[in-house]
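Structural overview for review
Single-letter residue listing:
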Protein chains: 2
Amino acid sequence: MSTLKTQYHHGDLTKSLLDSAAIIIKEQGVESLSMRKLADTVGVSRTAPYHHFKDKNALLCALAEQGFHEQERILNSLKSEKQQATETFKKYVHAYLEYALQYSETYDLMYGRTLWKAGNPSDSLKTASKQTFKAWIDWVEELQEKNILPNNNTPLRIGQTTWASLHGLARLFIDGIYLDKEDLSDMVEQMIKNLCSTST
Amino acid sequence: MSTLKTQYHHGDLTKSLLDSAAIIIKEQGVESLSMRKLADTVGVSRTAPYHHFKDKNALLCALAEQGFHEQERILNSLKSEKQQATETFKKYVHAYLEYALQYSETYDLMYGRTLWKAGNPSDSLKTASKQTFKAWIDWVEELQEKNILPNNNTPLRIGQTTWASLHGLARLFIDGIYLDKEDLSDMVEQMIKNLCSTST
DNA sequence: CTTCTATCTTGACAATGTCAAAATGAAAAC
DNA sequence: GTTTTCATTTTGACATTGTCAAGATAGAAG
């Protein structure tokens, strides 16, 4: 009954695995996450994780999925603040980049080739990502109506290109191409100018 | 003397390795390039490649470096065409995306985490990338003078954000986030509108 | 022909992902 | 309370990979 470890049945191995994995990738990068070391960290034998996740890919999908939920939480939280929509958008852009850099490894799983190209995105991951994308496009439409984002194309297209721009900036930092994080907020500000209809 | 294979000394193993590796990554992705299979493909023992490249990282760096040279060639070729600078810029954007998609695996090595974050970019790779970046920034300056790109910031900043946008678009396709390549040219057109000062 | 040296090979090891079969223990059925 | 069942975990095993160390080979230089 005690919540102490070293018992045969672990309690909630699924959760433990996810939590430990999240920490490991945040601190040491996805490439140094091995199923075996993870099992060891959690205090369980090599193959125990395979009874909770089909394979490594499935574990990573679950991590990515958590990221999508977190990101949606961020957007909703910002939208609930009562303020000028322009202000909300600017804050969102900053928040997006901040999230991407702070949880860069999770971000990489969410939007990187590991799962989407080299790997095999799970159905529920696909669902989560589609949902997040849809929420974004809907918001873009609102922003277009308020003349904050350009009206020279459909919400889908504007949403795609706008997001692509943010994503590109995020990736350059995440992947180690841009290293000087001093420049980040400057670049974000410029990006906002590029994206908004009202060039200042 | 004959250029036929199956001789102890291979002839130009360095080049053969690079060529085969380029084909393999293009056809099957970087993650399915193994040193051993590569050696086998080229018809040489497992460890022979290690006398030509310090390790796998070094081989990949060499591939990425070729990519930078190729990309610079593309830019120079476009700039040498006598035409409106606006036209040249538009063509460049299209060409950039085309290159990124056609040689997506090389592109990933050039600008992805494999080498820059998880790996260890060689000095000559760093040099090549810096050179390419500098050529880009110089051109951005010209484009600003001609009022094609916005003048509300330095060439460096505008170059960074503009490139980030292109890169982001490229990555979303490359990494399998955007799948519908029908939409590509549409999105590129919209991206150009976002980036240029003269919104149409 | 001998020696040198660049090039290539064989042997070996550790790390990894993951399958199959056996062991364990808690809960359900009796 | 005993037995049965089933989810959970373990041990054993295997193939793939990157890479090191030591030896083999052959063409060039003397």
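Residues numbered from 1 in each chain as written. Chains lettered and ligands numbered in written order. Predicted model: local features only at pLDDT ≥ 70, side-chain atom pairs only at ≥ 80, totals over all residues. Heavy atoms only, no water.

Notes on the relation of the copies chain A and chain B
A rotation about some axis, followed by a shift along it, carries one copy of the chain onto the other. Quick note on the threshold: Alignment of the copies relies on least squares applied to C-alpha atoms, considering only residues that score at least 70 for pLDDT in both. Contacts are assigned to residue pairs that have any heavy atoms within 4.5 Å of one another.
Superposing chain A onto chain B takes a rotation of 180 degrees combined with a translation of 0.0 Å along the rotation axis, leaving an RMSD of 0.0 Å. In short, the pair behaves as if placed about a two-fold rotation axis. Using C-alpha coordinates, one finds that chain A approaches the rotation axis most closely at Gly-168 of chain A, a distance of 1.6 Å. Comparing contact sets, 100% of the residues at the interface of chain A also lie at the interface in chain B, consistent with an isologous, same-surface contact.

Concerning the interface of chain A and chain B
To keep things clear, this is the line we draw: Using a 1.4 Å probe, buried area is obtained as the accessible area two parts lose upon being combined, added over both of them. Any Lys or Arg side-chain nitrogen located within 4 Å of an Asp or Glu carboxyl oxygen qualifies as a salt bridge. For this analysis, a polar contact is any N or O atom pair within 3.5 Å, provided that within protein one partner can donate a hydrogen and the other can accept it, and provided that sequence-adjacent residues contribute only side-chain to side-chain pairs. By the criteria applied, helices consist of DSSP H or I runs no shorter than four residues and strands consist of E runs no shorter than two, each listed in order from the N terminus.
Each partner contributes residues to the interface: chain A has 40 residues there, and chain B has 41 residues. The contact between chain A and chain B buries some 3,500 Å² in all, and 51% of this surface belongs to carbon and sulfur atoms. Put simply, chain A and chain B have 12 salt bridges between them. Among the salt bridges present, the one from Arg-113 of chain A reaches Asp-108 of chain B, with a minimum N-O distance of 3.3 Å. Counting across the chain A and chain B interface gives 21 residue pairs in polar contact (both at pLDDT 80 or more). Mapped onto the side of chain A that touches chain B, the elements with two or more residues apiece are helix 5 (104–111), helix 6 (113–116), helix 8 (155–174) and helix 9 (184–195) of chain A. If you tally residues by element for the side of chain A that touches chain B, the top one is helix 8 of chain A, at 13 residues.

Things to note about helix 2 (residues 35–42) of chain B
Residue and element names in this part refer to chain B. Rule in force here: Type-normalised accessible area, obtained with a 1.4 Å probe on protein chains alone, sets the label of each residue: buried when under 20%, exposed when over 50%, and partly exposed for intermediate values. Read the arc as the range of directions from the helix axis to the C-beta atoms.
Within the sequence span of helix 2, burial applies to Met-35, Leu-38, Ala-39 and Val-42. Looking down the long axis of helix 2, one finds its buried residues gathered within 100 degrees of arc, a one-sided arrangement. Exposed residues lying more than 90 degrees from the buried face of helix 2 are Arg-36, Asp-40 and Thr-41. If you follow the buried residues of helix 2, they end up packed against helix 1 (13–28) and helix 3 (56–80). Positioned one or two residues after helix 2, Gly-43 has a phi angle of 85 degrees, which is positive.

Observations regarding the UniProt feature "domain: HTH tetR-type" (unreviewed entry) in chain A
Here is the rule we go by: UniProt positions are given in the numbering used here, feature names are shortened, and annotations may be inferred rather than shown by experiment.
The UniProt entry lists residues 11–71 of chain A under the feature "domain: HTH tetR-type" (unreviewed entry), expressed in the numbering used here. In residues 11–71 of chain A, the share of helix is 66% and the share of strand is 0%. The end C-alpha atoms are 29 Å apart.

Things to note about the pattern of salt bridges
For the structure shown, the criterion picks out 28 salt bridges over all chains. The salt bridge partner of Asp-183 of chain A is Arg-157 of chain B, with a shortest N-O separation of 3.7 Å. Here Arg-157 of chain B lies in helix 8 (residues 155–174) and Asp-183 of chain A lies in the loop between helix 8 and helix 9, a pairing that spans two chains. Just as Asp-183 of chain A is buried, Arg-157 of chain B falls in that class too.

So, the packing of helix 8 of chain B against helix 9 (residues 184–195) of chain B
Residues and elements named next belong to chain B. The line we're drawing: Simply put, an axis is a line fit to the C-alpha atoms, just over the touching stretch for a helix, and the angle between two N-to-C directions goes from 0 to 180 degrees. Angle categories: roughly parallel below 35 degrees, roughly antiparallel above 145, roughly perpendicular from 65 to 115, and oblique for all the rest. Working rule for handedness: look at the near helix, and if it is turned counterclockwise from the far one by less than a right angle, call the crossing left-handed; if clockwise, right-handed.
Packing of helix 8 against helix 9 leaves a shortest axis separation of 11 Å and a crossing angle of 165 degrees. When the axis of helix 8 is compared with that of helix 9, the two are roughly antiparallel. When the axes of helix 8 and helix 9 are compared, the crossing they make is right-handed. Seen from helix 8, the contacting residues are Thr-162, Ser-165, Leu-166, Leu-169 and Phe-173; seen from helix 9, they are Leu-184, Met-187, Val-188, Met-191 and Leu-195.

With respect to the domain arrangement of chain A
Residues and elements named next belong to chain A. Definition in use: Boundaries between domains were set according to an automatic or database domain assignment. Under the scheme applied, nonpolar residues are Ala, Val, Leu, Ile, Met, Phe, Trp, Tyr, Cys and Pro; charged residues are Asp, Glu, Lys and Arg; polar residues are all the others, including Gly.
You can read the domains of chain A as domain 1 (9–53) and domain 2 (57–195). A separation of 27 Å is found between the C-alpha centroids of domain 1 and domain 2. At the junction of the two partners, domain 1 supplies 12 residues and domain 2 supplies 12 residues. Buried area between domain 1 and domain 2, summed over both chains or domains, comes out near 980 Å², and the portion from carbon and sulfur atoms is 79%. Taken together, the connections running from domain 1 to domain 2 amount to 2 residue pairs in polar contact (both at pLDDT 80 or more). Only helix 1 (13–28) and helix 2 (35–42) provide two or more residues apiece to the side of domain 1 that touches domain 2. Considering each element in turn, the side of domain 1 that touches domain 2 owes the most residues, 5 residues, to helix 1. Of the residues in the side of domain 1 that touches domain 2, the class split is 9 nonpolar, 1 polar and 2 charged.

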